[in-house]
Amino acid sequence: MCATENISLYSLGWNSHFQNQFESLQSDGLIPGRIFREEKSQYGILTGESEFIAKPSGKLRHLLNSVNERLVVGDWVALNPGSDQSSATVEFLLQRKSSVSRKAASGRKRKSGGQMLEQVIAANMDVIFIVTGLDHDYNVRRIERYLTLVWNSGATPVVVLNKTDLCNDLDERLEEVEEVAIGAPVLAITAKEKKDVIRLQPYFADGKTAALLGSSGAGKSTIINTLLGFEKQKVKEISESVHKGQHTTTHRELILMPEGGILMDNPGMREIQLWGDADDVDSAFHDIELLANDCKFKDCAHESEPGCAVKNAVDSGELDDERLGSFHKMKRELEFLEQRQHKTADAIEKEKWRVIMKNAPKSNKT
Ligand SMILES: Nc1nc2c(ncn2[C@@H]2O[C@H](COP(=O)(O)OP(=O)(O)O)[C@@H](O)[C@H]2O)c(=O)[nH]1
Ligand SMILES: [Mg+2]
Ligand SMILES: [Zn+2]
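Parameters at a glance
Residues numbered from 1 in each chain as written. Chains lettered and ligands numbered in written order. Predicted model: local features only at pLDDT ≥ 70, side-chain atom pairs only at ≥ 80, totals over all residues. Heavy atoms only, no water. Core = buried A, V, L, I, M, F, W, Y, C linked by side-chain atoms within 4.5 Å. Buried < 20%, exposed > 50% of the residue type's maximum accessible area, 1.4 Å probe, protein only. Helix = DSSP H or I, 4+ residues; strand = E, 2+ residues; numbered from the N terminus. Domains from an automatic or database assignment. Contact = heavy atoms within 4.5 Å. Pairing = 2+ DSSP bridges. Axes fitted to C-alpha atoms, helices over the stretch in contact; angles between N-to-C directions. Salt bridge = Lys/Arg side-chain N within 4 Å of Asp/Glu carboxyl O. Donors = N, O, S within 2.8 Å, 3.2 Å for Na, K, Ca; no water. Tetrahedral: all angles 85-135°; square planar, octahedral: opposite > 155°, others 65-115°. Polar contact = N/O pair within 3.5 Å; in protein donor to acceptor, adjacent residues only side chain to side chain. Arc of directions from axis to C-beta. Phe/Tyr/Trp six-rings, centres within 6.5 Å; stacked < 30°, edge-to-face > 60°.

Draft legend 1. Representation of the nonpolar core within the structure. Among the nonpolar cores identified, the biggest contains 65 residues, and Ile-45, Leu-71, Met-125 and Val-177 are the most heavily contacted of them. With six residues, helix 3 (residues 140–153) is the single largest residue contributor to this core. Each of domain 1 (10–95) and domain 2 (120–264) gives at least three residues to this core. Contacts of Ile-45, omitting those with residues within four sequence positions, involve Gly-33, Arg-34, Ile-35, Phe-36, Ser-50, Glu-51, Phe-52, Ala-54, Val-77, Leu-79 and Val-90. Ranked by size, the runner-up nonpolar core spans 21 residues in total, among them Val-127, Leu-200, Ala-210 and Ile-224.

If you want it as structure tokens, here you go:
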């Protein structure tokens, strides 16, 4: 960690959303803090004035277990600082503003019969940089999937095309990506060039938190190192192993940037999987949604229905056939997920926070 003392809570991402919650707690002796590192079952927590190593209290652990939840990097918590810095405990989890999730099979030994569960892996990200190398890593369909995931997380996506020095058809690539990245900025950079990577800075200025998402080898750690000006994150050596996608970022950590803002290297999604409702697909496919307004049937699936404006757009060349294909593919994947859930993700999320908040230490100021 860089200098972690005497940073304002606001520089760590604190805002009125968390302040209001904290004030409604019975917070005698508790202080707000943010989880910046996770190691085994311990958490590194910054409070602005100092740094703590803490474990959740038994009560909190029990409560979180009961709703299939756990503390993750980026979370804001109410901390009991204890008598010394190593006996601190996390007493309460403040409700998240955004979360990045992956789907995970529930415990194998349970009776739930392979129900899919949402597993949060990073919380309270404001911005997510979707990093893709312009080498063998480049895949416009994957960028599209990442975009859906990020829109669903509550964070704002920014697409970063890295390794422009290895790319001979940058204009073509940019055009392709801008076509799918509706509503998200697209930056083309060489991660080793300071003048390039500083273009990322404005997106996570003071008090904002950004995560870098992308395949192993895309250049995420290089971006962080160039911004920092020293080798904080281990970068893979150039060798054949680069192509095998070996994993070098092993733990999740928030990094305070010298120019302000907070960055998180890969939150740890190796194989990207979607989490959300089937309806969420539409938000990543604005163009198809727009065309669908003109379909003859309101519930048109754009498969073989008569009077389908989306199919017509494919026939006329206005819409890429492949793009409609990935729309269908994503819908199917999400519908499958939904069937395996007992409730929708939204309902689970609401119920979860209802249970957590109900168990908050009560304020005596009524
Ligand atoms: N040519 C070139 N190589 C890069 C660039 N950015 C990263 N690399 C190389 O790509 C490899 C993977 O980079 P790394 O930052 O470890 O990727 P990560 O797995 O996403 O963190 C390393 O060998 C880097 O030196 C770039 O802009 N151009
Ligand atoms: Mg890395
Ligand atoms: Zn249609």
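After that view, the rundown keeps rolling.
Draft legend 2. Inspection of the sheet that holds strand 3 (residues 51–56) at higher detail. Taken together, five strands build a closed barrel; the order of strands is 1-2-3-5-4 and the barrel is mixed. Mean inter-strand twist for the sheet, computed between neighbouring axes without regard to direction, equals 55°. Along the sheet, helix 2 (residues 58–66) contacts strand 3 and strand 5 (88–93); its crossing angle with strand 5, the most-contacted strand, is approximately 35°.

Draft legend 3. Representation of the pattern of salt bridges. This model, assessed by the stated rule, comprises 15 salt bridges. Of the charged contacts, one joins Glu-39 and Arg-37 as a salt bridge, the two residues approaching to 3.6 Å between their closest N and O atoms. As a salt-bridge pair, Glu-144 and Arg-323 come within 2.2 Å of each other at their nearest N and O atoms. One end of the pair, Glu-144, is in helix 3; the other, Arg-323, is in helix 10 (residues 321–340), and 179 residues separate them in sequence. Relative accessible area serves as the criterion here: at 2%, Arg-323 is assigned to the buried category. Residues participating in the shared-partner salt-bridge network are Arg-141, Glu-144, Asp-287, Asp-320, Glu-322 and Arg-323.

Draft legend 4. Spotlight on the coordination of the zinc ion (ligand 3). Only Cys-295 (SG), Cys-300 (SG), His-302 (ND1) and Cys-308 (SG) from the protein reach the zinc ion (ligand 3) as donors, at distances of 2.1 to 2.4 Å. Around the zinc ion (ligand 3) sit four donor atoms, and with donor-metal-donor angles ranging over 104 to 115° the site reads as tetrahedral. Mapping the donors of the zinc ion (ligand 3) onto the primary sequence yields the spacing C-x4-C-x1-H-x5-C. Judged by relative accessible area, which is 5%, His-302 ranks as buried.

Draft legend 5. Seen up close, unusual backbone geometry. In the Ramachandran plot, Asn-68 falls in the positive-phi region, its phi being about 55° despite a non-glycine side chain. Along the chain, Asn-68 turns up in the loop between helix 2 and strand 4 (76–80). The phi dihedral of His-302 falls on the positive side, at around 55°, and the residue is not glycine. Mapped onto the elements, His-302 comes out in the loop between helix 8 (286–292) and helix 9 (309–315).

Draft legend 6. Layout of the pairing of strand 5. Pairing of strand 3 with strand 5, which is carried by three bridges, proceeds in the parallel orientation. The residue bridging Pro-56 from the neighbouring strand is Val-90, located in strand 5. By the bridge criterion, four bridges tie strand 4 to strand 5 in an arrangement that is antiparallel. Of the residues in strand 5, the one forming a bridge with Val-77 is Leu-93.

Draft legend 7. Layout of the side chain of Glu-144. For Glu-144, a relative accessible area of 2% translates into the label buried. Side chain to side chain, Glu-144 and Ser-326 meet in a polar contact 3.0 Å long. Look past the residues within four positions of Glu-144 in its chain and what remains in contact with it is Val-180, Phe-285, Arg-323, Ser-326 and Met-330.

Draft legend 8. Quick look at helix 4 (residues 170–180). Restricting attention to buried positions, one finds in helix 4 the residues Arg-173, Leu-174, Val-177 and Val-180. End-on view of helix 4: buried residues confined to an arc of 130°, all on one side of the axis. The outward face of helix 4, more than 90 degrees from its buried face, is lined by the exposed residues Asp-171, Glu-172 and Glu-175.

Draft legend 9. View of the packing of aromatic side chains. In total, this model carries six aromatic pairs according to the counting rule given. Their ring planes at 75° and their centres at 6.2 Å tell us that Trp-14 and Phe-22 sit as a pair that is edge-to-face. Relative accessible area serves as the criterion here: at 4%, Trp-14 is assigned to the buried category. Ring geometry for Phe-129 against Tyr-203: centres 6.4 Å apart, planes inclined by 85°, an arrangement best described as edge-to-face. You can see Phe-129 sitting in strand 8 (residues 127–133) and its partner Tyr-203 sitting in the loop between helix 5 (194–197) and strand 11 (209–213), a full 74 residues away along the chain. Overall, the relative accessible area of 0% leaves Phe-129 in the buried class. Overall, Tyr-203 belongs to the partly exposed group, its relative accessible area being 28%.

Draft legend 10. Up close: the pairing of strand 4. Most of strand 4 sits out of view: four of its five residues are buried. With four bridges joining them, strand 1 (residues 31–39) and strand 4 adopt antiparallel strand pairing. Counterpart to Arg-34 in the pairing with strand 4 is Trp-76.

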